[in-house]
Amino acid sequence: MHSGSQWYLGLTLLGVVVVLWVASGFFMSEMSDVYSKPYFVTYINTCLMSLYLPFGYRNHTIDRFKFSVTDTAKLSFVFFALWFLSNLLSNAAYYYTTVQSATIISCSSSFFTLIIGAYFGVENFALNKVIPIVISFFGLALITSQDSQKLSAPALAVVGNIFAFGSAILYGFYTTLLKKQVGDESNLNTKLFFGFVGI
C-alpha cells in the first residue's frame, strides 16, 4: 500500500477509534443509573481480550517476533495490573463526573506519558511536544476547577475527575513500560500479548 494511502487509512481508523471512545463514555455514563458496577464492566471487557489468544498463538513464530510465548506471557502479567487499574478508574470516572470532563481529562495521558517516558529514557523532550501539552494541561486545570464550582455539576464530580487523572497517569506508566520492554512494536505479537492480558 502506498505511504499516502496508509496515512489516510490510519487517520480514518484513528477517527473511528475516537468516535467509539467518546460513544463508550456516554454509554458508561447512561448505564450508571441502571447498573453501577464499574469493576465488573472492566473485568468483563478485559476478559474478552482473551479471544485474541488463539489467533495470536496460531500466528506466533520465533523468527517473526523477538518475544517467545513464555516471554510474552510474563510481560503481559506485569502489564495487566497497570492496564486493569487504569481502565477501572476510567470507567469509574464516568459514574461520578460528566462525560465531557472525564474524556478531556483522560486526554492528559499524553502529558504524563511524556514526563514518565522522559524519566525512563524512552521519550525526548522537544518544544513541539511540550508546548501543546502544557497548553492542554492548563485547559484541563480550568475544566476541573469549573466542575467544582458549577451548581449543575454532579455531586461527586471532583472524585470522578480524580479518577480520570489517575487513569491518565497509569496510562502513561503502562505505555512507557511497554515501550521500554518491547522497543519496536514489531518485536511483540500484540494479539498474543493482549490475549494473555485477558486471561
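Quantities reported herein were computed from a predicted structural model and do not represent experimental measurements. (Residues numbered from 1 in each chain as written. Predicted model: local features only at pLDDT ≥ 70, side-chain atom pairs only at ≥ 80, totals over all residues. Heavy atoms only, no water.)

Chemist: When you look at the overall build of the protein chain in this model, what are you seeing that I'm missing?
Modeler: Summing up its helical and strand segments, the protein chain has 9 helices and 0 strands in all. Beginning at the N terminus, the succession of helices and strands in the protein chain can be written as α-α-α-α-α-α-α-α-α. Put simply, the protein chain has 199 residues, and 35% of those count as buried. Sequence separation of 24 or more characterises 83% of the internal contacts of the protein chain that already satisfy a separation of 6 or more. In the structure as shown, the protein chain presents an accessible area of about 12,200 Å², 68% of it carried by carbon and sulfur atoms. (Helix = DSSP H or I, 4+ residues; strand = E, 2+ residues; numbered from the N terminus. Buried < 20%, exposed > 50% of the residue type's maximum accessible area, 1.4 Å probe, protein only. Contact = heavy atoms within 4.5 Å. Areas by Shrake-Rupley, 256 points an atom, 1.4 Å probe, with all protein chains shown as cover.)

Chemist: Before we go on, may I ask you to explain the pattern of salt bridges in this structure?
Modeler: Pairs can form between side chains of opposite charge once their charged atoms are near each other. This model, assessed by the stated rule, comprises 1 salt bridge. Ionic pairing is found between E123 and K179, a salt bridge with its closest N-O pair at 3.1 Å. Remark: K179 occurs in helix α8 (residues 157–182) and E123 occurs in the loop between α6 (109–119) and α7 (127–149); sequence separation between them is 56 residues. The class of K179 is partly exposed, set by a relative accessible area of 39%. (Salt bridge = Lys/Arg side-chain N within 4 Å of Asp/Glu carboxyl O.)

Chemist: Where do I start with the side chain of T176 in this structure?
Modeler: Mapped onto the fold, T176 is located in helix α8. Within the structure, T176 has its side chain in polar contact with the backbone oxygen of G172 (distance 2.7 Å). The residues contacting T176, other than those within four sequence positions of it, are T113, I116, G117, F120 and V122. (Polar contact = N/O pair within 3.5 Å; in protein donor to acceptor, adjacent residues only side chain to side chain.)

Chemist: Sorry if this is basic, but what is going on with the nonpolar core here?
Modeler: The nonpolar side chains of soluble globular proteins are, as a tendency, buried together. One finds M28, M31, V41, A93, Y94, Y95, V99, A102, I105, L140 and A164 forming the largest nonpolar core, which totals 11 residues. Residue assignment for this core shows that the elements contributing at least two residues are α1 (3–31), α4 (69–96) and α5 (99–106). Not counting residues up to four positions away in its chain, the partners in contact with A102 are A93, Y94, T97 and A164. If you look at the next biggest cluster of nonpolar residues, it comprises 10 residues, including M49, L188, F193 and V197. (Core = buried A, V, L, I, M, F, W, Y, C linked by side-chain atoms within 4.5 Å.)

Chemist: Is there a simple way to explain the packing of aromatic side chains in this structure?
Modeler: Centre distance and the angle of the planes are the two values used to describe a pair of aromatic rings. Inspection of the entire model under this criterion finds 13 aromatic pairs. Taken together, the ring pairs in this structure connect F79, W83, Y171, Y174, F193 and F194 into an aromatic cluster. (Phe/Tyr/Trp six-rings, centres within 6.5 Å; stacked < 30°, edge-to-face > 60°.)

Chemist: Can you help me understand helix α2 (residues 38–47) in this one?
Modeler: One turn of the α-helix equals 3.6 residues, which is why residues spaced by three or four share an orientation. Listed as buried for α2 are P38, V41, T42 and T46. Along the long axis of α2, the arc covered by the buried residues comes to 130°, so they all point the same way. (Arc of directions from axis to C-beta.)

Chemist: What am I meant to see in the packing of α5 against α8 here?
Modeler: A packed helix pair is summarised by two numbers, namely the angle formed by the two axes and the spacing between the axes. Contact geometry for α5 and α8: axes closest at 8 Å, N-to-C directions at 25°. Accordingly, the angle class assigned to the pair α5 and α8 is roughly parallel. Once α5 is placed against α8, the crossing between them reads as right-handed. Residues S101, A102, I105 and S106 of α5 touch α8, and the partners they reach there are N161, A164, F165 and A168. Class assignment for the residues of the contact of α5 with α8 results in 5 nonpolar, 3 polar and no charged. (Axes fitted to C-alpha atoms, helices over the stretch in contact; angles between N-to-C directions. Parallel < 35°, antiparallel > 145°, perpendicular 65-115°, else oblique. Left-handed = near helix turned anticlockwise from the far one by under 90°. Nonpolar A, V, L, I, M, F, W, Y, C, P; charged D, E, K, R; others polar.)

Chemist: What should I look at first to understand the confidence of the model for the protein chain in this one?
Modeler: Where the model shows low pLDDT, its predicted coordinates should not be examined in detail. Averaged over every residue, the pLDDT of the protein chain is 82; residues scoring 70 or more account for 89%. By mean pLDDT, the top-scoring element of the protein chain is helix α9 (residues 190–198) (92), and the lowest-scoring one is α7 (71). (pLDDT = per-residue confidence, 0-100.)

Chemist: Looking at this structure, how should I read α9?
Modeler: Residues L192, F193, G195, V197 and G198 constitute the buried set of α9. In the core, the buried residues of α9 are packed alongside α2, α3 (53–58), α4 and α8. Between a side-chain oxygen at the N-terminus of α9 and the backbone nitrogen of K191 the separation is 3.3 Å; the capping residue is N189.

Chemist: Would you mind going over the packing of α6 against α8 with me for this structure?
Modeler: Close contact between α6 and α8 brings their axes to 8 Å; oriented N to C, the two are set at 40°. Here α8 runs oblique to α6, going by the angle between their axes. Read as a crossing pair, α6 and α8 show a hand that is right-handed. On the side of α6, the interface is formed by S109, F112, T113, I116 and G117, while α8 contributes F165, A168, I169, Y171, G172, F173, T175 and T176. Across the contact of α6 with α8, the residue classes tally to 7 nonpolar, 6 polar and no charged.

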